[in-house]
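In case you want the letters, here they are:
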Amino acid sequence: SQLPQLSSQILSSMILNKEITANDKDYLNQFVNLEKLSMNATGLRNLNNLPDKLQIIQLELSDNNIDGSELKKLLAFKNNLAILKISNNKINTLE
């Protein structure tokens, strides 16, 4: 089977919408062997619709507008995630 091509369309969608849409999630979930996902400086305000079929080892979410209450959504990656970069967000507490 042919592998999907990661394009700038997904990044443009995130920057425009300031969130990961359901379509973005479906698209990213096609990359089942993806180990590193970088969504730095995309303006994300929440972590809704994070792709959930990935075995991500490194997740980069720096330079966004995410607050501490959103971090619980990262528990879906707890078994594989080794590197998490979340600097320069609106995190005041870990909830």
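Keep in mind it's a predicted model, so treat the numbers as computed, not measured.

J.: Sorry, what's going on with the overall build of the protein here?
T.: Assigned secondary structure in the protein consists of two helices and three strands. Walking the protein from its N terminus toward its C terminus, one meets helices and strands in the order α-α-β-β-β. Here the contacts in the protein between residues at least 6 apart in sequence split such that 47% fall between residues at least 24 apart. Surface summary for the protein: the accessible area is close to 6,000 Å², and the carbon and sulfur share equals 48%.

J.: I'm lost on the side chain of Glu60 in this one. Help?
T.: Here Glu60 is to be found in strand β2 (residues 58–60). For Glu60, the side chain forms a polar contact with the side chain of Ser38, separated by 3.2 Å. Of the polar contacts made by the side chain of Glu60, one reaches the side chain of Gln58; its length is 2.5 Å. Other than its neighbours up to four places away in sequence, Glu60 contacts Lys36, Leu37, Ser38, Met39, Asn40 and Lys85.

J.: Mind showing me how you'd approach the side chain of Asn64 here?
T.: Relative to the helices and strands, Asn64 is located in the loop between β2 and β3 (83–85). A distance of 3.2 Å separates a polar side-chain atom of Asn64 from the backbone oxygen of Ser62. Contacts of Asn64, omitting those with residues within four sequence positions, involve Met39, Asn40, Ala41, Thr42, Gly43, Leu44, Asn88 and Asn89.

J.: Mind showing me how you'd approach the nonpolar core here?
T.: Across soluble globular proteins, nonpolar side chains show a tendency to be buried alongside one another. Among the nonpolar cores identified, the biggest contains 17 residues, and Leu37, Met39, Leu50, Leu59, Leu61 and Leu74 are the most heavily contacted of them. In contact with Leu37, not counting residues within four places along its chain, are Leu28, Pro51, Ile56, Gln58, Leu59 and Glu60.

J.: Before we go on, may I ask you to explain the sheet that holds β3 in this structure?
T.: Pairing between the strands of a sheet is mediated by backbone hydrogen bonds and can be parallel or antiparallel. In space, the three strands of this open sheet follow the order β1-β2-β3, with parallel pairing throughout. Bordering the open sheet on either side are β1 (36–38) and β3, each of which pairs with just one other strand. The average angle at which neighbouring strand axes cross in this sheet is 0 degrees, direction not considered. As judged from the three bridges shared by β2 and β3, these two strands associate in the parallel manner. Paired with Gln58 across the two strands is Ile83, which belongs to β3.

About the thresholds
Residues numbered from 1 in each chain as written. Predicted model: local features only at pLDDT ≥ 70, side-chain atom pairs only at ≥ 80, totals over all residues. Heavy atoms only, no water. Helix = DSSP H or I, 4+ residues; strand = E, 2+ residues; numbered from the N terminus. Contact = heavy atoms within 4.5 Å. Areas by Shrake-Rupley, 256 points an atom, 1.4 Å probe, with all protein chains shown as cover. Polar contact = N/O pair within 3.5 Å; in protein donor to acceptor, adjacent residues only side chain to side chain. Core = buried A, V, L, I, M, F, W, Y, C linked by side-chain atoms within 4.5 Å. Buried < 20%, exposed > 50% of the residue type's maximum accessible area, 1.4 Å probe, protein only. Pairing = 2+ DSSP bridges. Axes fitted to C-alpha atoms, helices over the stretch in contact; angles between N-to-C directions.

Everything listed is a geometric property; what it means functionally is a separate question.
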